[in-house]
Number of protein chains: 4
Amino acid sequence: MKGNDNTAILLIHCPDRPGILAAVTEFINRHQGNILYLDQYVNREEKVFFMRVEWDLTDFQIPREKIEEYFNTLIAIRFEMIFRLYFADELPRMAIFVSKLSHCLYDLMARYAAGEWKVKIPLIISNHKDLEPVAKRFGIDFYTFPINEKNKSEQEAMELQLLKENNINFCVLARYMQILSPEFIRNYPNKIINIHHSFLPAFAGSKPYHAAYERGVKIIGATGHYVTEDLDAGPIISQDVTRISHKDSVEDLIRKGRDLEKIVLSAAVEKHINRKILTYKNRTIVFQ
Amino acid sequence: MKGNDNTAILLIHCPDRPGILAAVTEFINRHQGNILYLDQYVNREEKVFFMRVEWDLTDFQIPREKIEEYFNTLIAIRFEMIFRLYFADELPRMAIFVSKLSHCLYDLMARYAAGEWKVKIPLIISNHKDLEPVAKRFGIDFYTFPINEKNKSEQEAMELQLLKENNINFCVLARYMQILSPEFIRNYPNKIINIHHSFLPAFAGSKPYHAAYERGVKIIGATGHYVTEDLDAGPIISQDVTRISHKDSVEDLIRKGRDLEKIVLSAAVEKHINRKILTYKNRTIVFQ
Amino acid sequence: MKGNDNTAILLIHCPDRPGILAAVTEFINRHQGNILYLDQYVNREEKVFFMRVEWDLTDFQIPREKIEEYFNTLIAIRFEMIFRLYFADELPRMAIFVSKLSHCLYDLMARYAAGEWKVKIPLIISNHKDLEPVAKRFGIDFYTFPINEKNKSEQEAMELQLLKENNINFCVLARYMQILSPEFIRNYPNKIINIHHSFLPAFAGSKPYHAAYERGVKIIGATGHYVTEDLDAGPIISQDVTRISHKDSVEDLIRKGRDLEKIVLSAAVEKHINRKILTYKNRTIVFQ
Amino acid sequence: MKGNDNTAILLIHCPDRPGILAAVTEFINRHQGNILYLDQYVNREEKVFFMRVEWDLTDFQIPREKIEEYFNTLIAIRFEMIFRLYFADELPRMAIFVSKLSHCLYDLMARYAAGEWKVKIPLIISNHKDLEPVAKRFGIDFYTFPINEKNKSEQEAMELQLLKENNINFCVLARYMQILSPEFIRNYPNKIINIHHSFLPAFAGSKPYHAAYERGVKIIGATGHYVTEDLDAGPIISQDVTRISHKDSVEDLIRKGRDLEKIVLSAAVEKHINRKILTYKNRTIVFQ
């Protein structure tokens, strides 16, 4: 991954009113920050301002550890901002959850191995042993937590323990075939990305390709979204579709869907890694 | 519309077994019919054979009015076929239903006026007066049947009477904002085409663009389908989608959706006019 | 077309440096302008800043006729800006050029008649009589200028005269099958929109569908672009594609292409009408 | 890969005339073959018949080693057919050529490791050492043949020798950055699949993403095609595209293009493996 990593990223939202954009850009410019990317969006109906700005820290006069405090004091309080500050060289740490299907895992691994993403992947968690050889191929630690009705809460507790020990910032469910408990999810609010194999909200729940076949749709899709306590109802990050016809059997849908799933999941993960996503009222703002 | 119109079209489905294709093509070839298009599909899971074949009648030895009888006697009974016979020069007669939105109506009218379709459109029916000027522009009769809770059944009865008098074969609901009664629908089974402004089964019912905005989807769509008694649940003929982002307001979705709606509706109508659709178990087989 | 029309629109580009965004937004805010839309983009490689901003003039303290001067004096000179100022209630005046194919013309007319666009269309120009009935249907003046090798320059001179008399701001070539002379084009730099029936730069020139068939592509497209002296080489505004297969004959490509052409052309025209396009080095910046 | 492998596949083309379809299906049915898939297409303009048929051999009365002879004698000669016979359980043997980019190789490897394809991949050939670790991860032999102007013909001779020794049926160029010599190509006519990173015929040759950026297109694409002696001009098998905007730098195009390239290449390879492609006059017929 080439490019300058000595940058700061601000994700902001606040009630819309005049002067926000000017105030933020002036704050950065005045202290010798060089803005590299700026994207903003105003929801006129709901009167909310959203912004992502990334700037070069090379000549920035405020030291890293003081930026959050200064920005809060000088700008954020005045505009009632909710904001998050990131540094591009502080790589997020990601855990992958899988079950038995390998296509999404391979796609994530290939990008990771090729250095496409600024991320650290210390571990893979699964409820089955099947994909351990894939993890081994890429030299990633693989932990198995078989889950049944009885042991679910204690197994999840152990998973959470493992995630904490490894300072995991966010989780990616790469066709993980278990429903996470609300307790688990509360530990990672808007920090668990799932791939659902339909264009949500159509065909939520299990066996979406079978349901799509039965309904006779002419297009199938996949959806990358944050996991919330409502199954398949969290904020949507990415979606894509492909055409099918009456000639496609359920097996054909599953086969065609695999390509969608891996591309759509990786697109969602990439946006998250690059801190390009804000969530608001169960929707996402995805900056370019 | 150039091309040979002296052709017959057979739409067939029956239990799959060896020899169907050979029997049908032999029937046509032996009597000097020249096959122009042949498309067949076998659903292996459900063991059903589907076929569309179109052939030139110029040298065909069986007279038009006898083809149905001969085919039934010589072929169809043996294979337990359900079949429909059409002649390309017998133009289907189509009625359009509209309310207040003009974009789908204009698209249908433009294609009709340009001679793109082998169809007759004797009349347009509406529950509002708004689009009468559009009908006038294209010289099509326009009938208004205002509908409220009390008069619905008698108004529909008058509409049906008008359709019968005009020998209407099928109806197209071009953003018609009334739900047809089951009695009405039974008069035109799989012969009423509706455009729904979402990628069904997502966002069935009213205000799909508002629902899509609220759900935060990244793709919106439109669906052309046959009307059945279950609202927005009939066999799907055509679908298409377009990308949206968080920047799109409900008004943007409505605007972008208009293009989808008209193209998807016209695609469904064209397939129906050209006798390219078979319905089976609430799904469609759409031949190319 | 609902919505507030008492707005000003600025399209700006200039060398990138710190403070541009702050200066422009401050200029608007300080004088009680309420920013409705703001979109900016910085080309980091070429170090150029691009911006579109639209604001409500209701309480704006600078009178309309002075805005250009004030903005120039107070902001533009300092940043070496090239800028254009528009008012949303000053509708651009558009001329349409056609030949014999009606589908793009109908699509433009339908949107115009439905009031989708903030534009005035005083006239249609053609080198053939064929589409005069379409113009009549919509009550638009239709002028015929038959063109051959000998009369081309004088006919174009008369067309230009007609355009001037009608204060035409921009022209739309809706499948106009004549190549405009460089002299003609120079009168409307980046103000003539053409639809080419291929995904440029593939299949520039005549008969692109035949060329696409011969080459055996699996996707065909259409391109909306500004006309420059280099044939089919001007700045691209909009493109779209559709899948084809070996089963599609040249006639099928032409039929499928019609839908692409009209949607892609109208998309380009809409962006132009809404002053959302900047051109730079034979490329377009198309704001959302 | 589940499913019945004891099947035969026939790919046929011949001058179109009545009775071909009946003759072929009768040949299979009469000898107790159970047809599983049948797809046919008639090019009406050029009067050529194309067909792919796959049938179950379990009860077929003609032994495997005699099918070709019998079919030729009884059917093919009469209709002047050019045909190829395959058996689904005779896995084609595929070699992969790579240079330094890993994304296409990983995609091929992941599908192979997951057992998605009925193929054998004995070896990977490269002109660089970079991707040897990827090959090792998947346990595939990796051979390096560095190529410069002087050694090209002798290195290609050694590559050909290696391919022969390994009974390689077809080659896949997965972003292989060397142009194969005509001599090499003649050894594998329509049996070398390349991925080109543009929607051909646009941007043939080197650096297509740079060219796309310069031209200012709004859509980029990728093309899977057979390699012929004319660079980037062989029969196209698969294409796909994705939208871009003025905001995308060349690096963005390269990044977005990677996903296209790997999906489009794998789609082409899958069709080839499943014997679903016929080539005719530098075009492909790709059966479903």
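What counts and how
Residues numbered from 1 in each chain as written. Chains lettered and ligands numbered in written order. Predicted model: local features only at pLDDT ≥ 70, side-chain atom pairs only at ≥ 80, totals over all residues. Heavy atoms only, no water. Helix = DSSP H or I, 4+ residues; strand = E, 2+ residues; numbered from the N terminus. Expected span 1.5 Å × (residues − 1). Buried < 20%, exposed > 50% of the residue type's maximum accessible area, 1.4 Å probe, protein only. Arc of directions from axis to C-beta. Contact = heavy atoms within 4.5 Å. Buried area = accessible area lost by both parts, 1.4 Å probe. Salt bridge = Lys/Arg side-chain N within 4 Å of Asp/Glu carboxyl O. Polar contact = N/O pair within 3.5 Å; in protein donor to acceptor, adjacent residues only side chain to side chain. Nonpolar A, V, L, I, M, F, W, Y, C, P; charged D, E, K, R; others polar. Pairing = 2+ DSSP bridges. Axes fitted to C-alpha atoms, helices over the stretch in contact; angles between N-to-C directions.

Residues and elements named next belong to chain B. Taking 1.5 Å of rise per residue, 14 residues should cover 20 Å, and helix α5 (residues 152-165) covers 20 Å from first to last C-alpha, within 8% of that figure. All of the buried residues along α5 are Q155, E156, E159, L160, L162 and L163. Along the long axis of α5, the arc covered by the buried residues comes to 160 degrees, so they all point the same way. The exposed set on the far side of α5, more than 90 degrees from its buried face, consists of S153 and E165. Contact partners of the buried residues in α5: β5 (93-98), β6 (120-126), β7 (141-144), β8 (170-173) and α6 (182-187). Following α5 by one or two positions, N167 adopts a phi angle in the positive range, close to 50 degrees.

Between chain C and chain D, the residue contacts involve 38 residues of the former and 38 residues of the latter. When chain C packs against chain D, close to 3,000 Å² is buried across both sides, 51% of that on carbon and sulfur atoms. Looking only at chain C, the three residues that lose the most surface to chain D are R215(C), K218(C) and H246(C), adding up to 24% of its buried area. Scanning the region where chain C abuts chain D turns up four salt bridges. In this structure, R243(D) and D240(C) form a salt bridge, with 3.0 Å as the shortest nitrogen-oxygen distance. Taken together, the connections running from chain C to chain D amount to 26 residue pairs in polar contact (both at pLDDT 80 or more). Counting residues per element, the ones that place at least two in the side of chain C that touches chain D are β2 (34-43), α7 (208-215), β11 (236-243) and β13 (283-286) of chain C. At seven residues, the largest contribution of residues to the side of chain C that touches chain D is made by β11(C). For the side of chain C that touches chain D, the per-class residue count stands at 16 nonpolar, 10 polar and 12 charged.

Quick look at the sheet that holds strand β9 (residues 192-196) of chain B now. Residues and elements named next belong to chain B. An order of β7-β6-β5-β8-β9-β10-β11 is seen for the seven strands of this open sheet, with the pairing classed as mixed. The open sheet is flanked by β7 and β11 (236-243), the only strands paired with a single partner. Here the strands of the sheet are splayed against their neighbours by 20 degrees on average, with no regard to which way each runs. As defined by bridge partners, β6 adjoins β7 across four bridges and the pair is classed as parallel. In the sheet register, I124 faces β7, and the bridge partner there is F142.

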